[in-house]
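Analysis of the macromolecular model
Listed below, chain by chain, are the residues.
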Amino acid sequence: MQTSARNAFEGRVAALERGAVNTLVTVDIGGDQTIVATITNDSAERLGLAEDRDVTALIKATSVLVSTAGDNRTSARNFLSGTVREVVPGAVNSVVLVDIGGGRTLTATVTNESVKRLGLEKGSATAGLFKASAVILATGD
Amino acid sequence: MQTSARNAFEGRVAALERGAVNTLVTVDIGGDQTIVATITNDSAERLGLAEDRDVTALIKATSVLVSTAGDNRTSARNFLSGTVREVVPGAVNSVVLVDIGGGRTLTATVTNESVKRLGLEKGSATAGLFKASAVILATGD
Amino acid sequence: MQTSARNAFEGRVAALERGAVNTLVTVDIGGDQTIVATITNDSAERLGLAEDRDVTALIKATSVLVSTAGDNRTSARNFLSGTVREVVPGAVNSVVLVDIGGGRTLTATVTNESVKRLGLEKGSATAGLFKASAVILATGD
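A quick note: this is a predicted structure, and the numbers were derived from the prediction, not measured.

What counts, and where the lines are drawn
Residues numbered from 1 in each chain as written. Chains lettered and ligands numbered in written order. Predicted model: local features only at pLDDT ≥ 70, side-chain atom pairs only at ≥ 80, totals over all residues. Heavy atoms only, no water. Helix = DSSP H or I, 4+ residues; strand = E, 2+ residues; numbered from the N terminus. Rg over C-alpha atoms; globule rule 2.2 N^0.38 Å. Buried < 20%, exposed > 50% of the residue type's maximum accessible area, 1.4 Å probe, protein only. Contact = heavy atoms within 4.5 Å. Buried area = accessible area lost by both parts, 1.4 Å probe. Salt bridge = Lys/Arg side-chain N within 4 Å of Asp/Glu carboxyl O. Polar contact = N/O pair within 3.5 Å; in protein donor to acceptor, adjacent residues only side chain to side chain. Nonpolar A, V, L, I, M, F, W, Y, C, P; charged D, E, K, R; others polar. Least-squares fit on C-alpha atoms with pLDDT ≥ 70 in both. 1 Å grid on protein atoms, 1.4 Å probe; cavity = no way out; pocket = protein on both sides within 12 Å on 5 of 7 lines; lining within 4 Å. Points joined across faces, edges and corners; volume = space filled by probe spheres on them. Pairing = 2+ DSSP bridges. Axes fitted to C-alpha atoms, helices over the stretch in contact; angles between N-to-C directions.

1. Looking at the overall build of chain A
Helices and strands together make up the secondary structure of chain A, namely 2 helices and 10 strands. The order of α-helices and β-strands along chain A, N terminus first, is β-β-β-α-β-β-β-β-β-α-β-β. In terms of C-alpha radius of gyration, chain A reaches 15 Å, essentially the compact-globule figure of 14 Å for 141 residues. Referenced to the eigenvectors of the C-alpha coordinate spread, the extents of chain A come out at roughly 45 × 30 × 30 Å. The burial tally for chain A puts 59% of its 141 residues in the buried class.

In structure tokens form, the structure reads like this:
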């Protein structure tokens, strides 16, 4: 499925935890990395989600925060560590590409002021953070 | 109510589904289109939400993904199909206006790279996707 | 903790309300202002959240809507009133800095079209709105 989401990670469902309204889905994307998504129960049923089902996790670049901390001290369920591969500056925002290993890149849209404040440049050790609520799961091609 | 949200769709509450913390609200915006919102129970009570109540669904352009797929194979509860009316290019992001019928336009902020990759231009068949958690409901004027 | 989030407000946990999947956390940031966050129960446990715990509330500028209404008639749990301090225009988006008192600034990314439509300029009475689901909580330094 083709979408504008800059971040699309293929994986398989590792776990499902169903609540009253929402289901928490853990997606194994390989390389010891997982992505956690909160979706409505209706969507989990409509997509026929079950363990081992192939899914793609989509995250808009605008939903991703960048952090220079080495470990996750935030409530964000998703914290993918890596190295800045490139910073593409715009008028007020920059696009930051973070190499998170395994040939994967996490893309974040960040204001130029934050790029400057964090001193982000090619090679900076950094992590991309995003909430479980920011993740959309897709099935099929 | 005047807000910066580029997307503001008037409708009425068609259904409410209450969980432990959150309520799922289905809003009928006419033309056989609905928008689903996840809001906290406290907000549902504070706004006095009930079936048939008039509400406006607000969605920031940065929360909207654009897809060229014909049907929704994602967990996004909201998938509004249409045709690209205009692409307004910026330095790193473009604003994509999607005509979703009934005189309505859905606006998405998308990186220029995605516009190029998806080949988005005036007339492209496309859909706007957003999560129920991205929707804010407003009441009153 | 250093992140790209333009909005980082220090405070302490005033209340926790646990659901099946999510916990609603109310953070007192002083000056009679609170921020409400929805996080997963796992994150609340991992961070050891409890009443009076020091936390920082992080909100990306792209998650913040700006409103010229005087009171909150929306489902957004967070509504911080203030005055526009500066509008930094870009190619398609502007960064709007809202002085919310107590030496605090709330930053929102808004399309230029919305800045124009709302007539936003230095001194405009305005409020920043964001959903509980848009807030990330951080602990430690």
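That covers the picture; the talk isn't over yet.
2. Comments concerning the interface of chain C and chain B
With 37 residues of chain C at the contact, the number on the chain B side is 36 residues. Taken together, the two surfaces of chain C and chain B that pack against each other cover about 2,700 Å², and 57% of this comes from carbon and sulfur. Of all residues in chain C, C:Leu65, C:Arg73 and C:Lys131 give up the largest surface area on contact with chain B, accounting jointly for 24% of the area buried on that side. At the boundary of chain C with chain B, the tally comes to 2 salt bridges. For the salt bridge of B:Arg6 with C:Glu113, the shortest nitrogen-to-oxygen distance reads 3.4 Å. Taken together, the links from chain C to chain B amount to 20 residue pairs in polar contact (both at pLDDT 80 or more). At the level of secondary structure, the elements contributing two or more residues to the side of chain C that touches chain B comprise strand S1 (7–18), strand S2 (22–28), strand S5 (65–67), strand S8 (104–111) and helix H2 (112–118) of chain C. It is H2(C) that contributes the most residues to the side of chain C that touches chain B, 4 residues altogether. The residue inventory of the side of chain C that touches chain B, partitioned by class, reads 14 nonpolar, 15 polar and 8 charged.

3. A word on the relation of the copies chain C and chain B
Take chain C, turn it by 120 degrees, move it 0.0 Å along the axis, and it overlays chain B with an RMSD of 0.0 Å. The superposition of one copy onto the other is thereby described by a three-fold rotation axis.

4. What to know about the interface of chain C and chain A
On the chain A side, the residues contacting the 36 residues of chain C number 36 residues. Linking chain C to chain A there are 2 salt bridges. Counting the contacts that link chain C with chain A gives 17 residue pairs in polar contact (both at pLDDT 80 or more). Going through the elements one at a time, strand S3 (34–40), helix H1 (41–46), strand S6 (78–89), strand S7 (93–101) and strand S10 (136–138) of chain C are the ones with two or more residues in the side of chain C that touches chain A. Of the residues contributing to the side of chain C that touches chain A, the split by class is 17 nonpolar, 14 polar and 5 charged.

5. Remarks on empty space enclosed by the protein
What the rule picks out here adds up to 7 cavities of 30 Å³ or more. Of the volumes computed, that of the largest cavity is approximately 480 Å³. In terms of lining residues, the largest cavity is bounded by 29 residues, among which A:Ser63, B:Ser63, B:Ala134, C:Ser63 and C:Ala134 are the most central. Looking at the lining of the largest cavity residue by residue, the class counts come to 14 nonpolar, 9 polar and 6 charged.

6. Regarding the side chain of B:Thr126
Residues and elements named next belong to chain B. Looking at where Thr-126 falls in the secondary structure, it is placed in strand S9 (residues 125–130). Judged by relative accessible area, Thr-126 falls into the buried class, the value being 4%. A polar side-chain atom of Thr-126 sits 2.9 Å from the main-chain carbonyl oxygen of Ser-67. Sequence-distant contacts of Thr-126, that is, excluding residues within four places in its chain, are made with Val-66, Ser-67, Leu-80, Ser-81, Gly-82, Thr-83, Val-84, Val-98 and Leu-120.

7. So, the sheet that holds S9(B)
Residue and element names in this part refer to chain B. Strands sit in the order S5-S9-S6-S7-S8 across an open sheet of 5 strands; the sheet is antiparallel. What marks the edges here is a single partner per strand, and that holds for strand S5 (65–67) and strand S8 (104–111). This sheet shows a mean twist of 45 degrees between the axes of neighbouring strands, independent of strand direction. Relative to S9, S5 runs antiparallel, the two sharing 3 bridges. Opposite Ser-67, over in S9, you have Ala-127 as the bridge partner.

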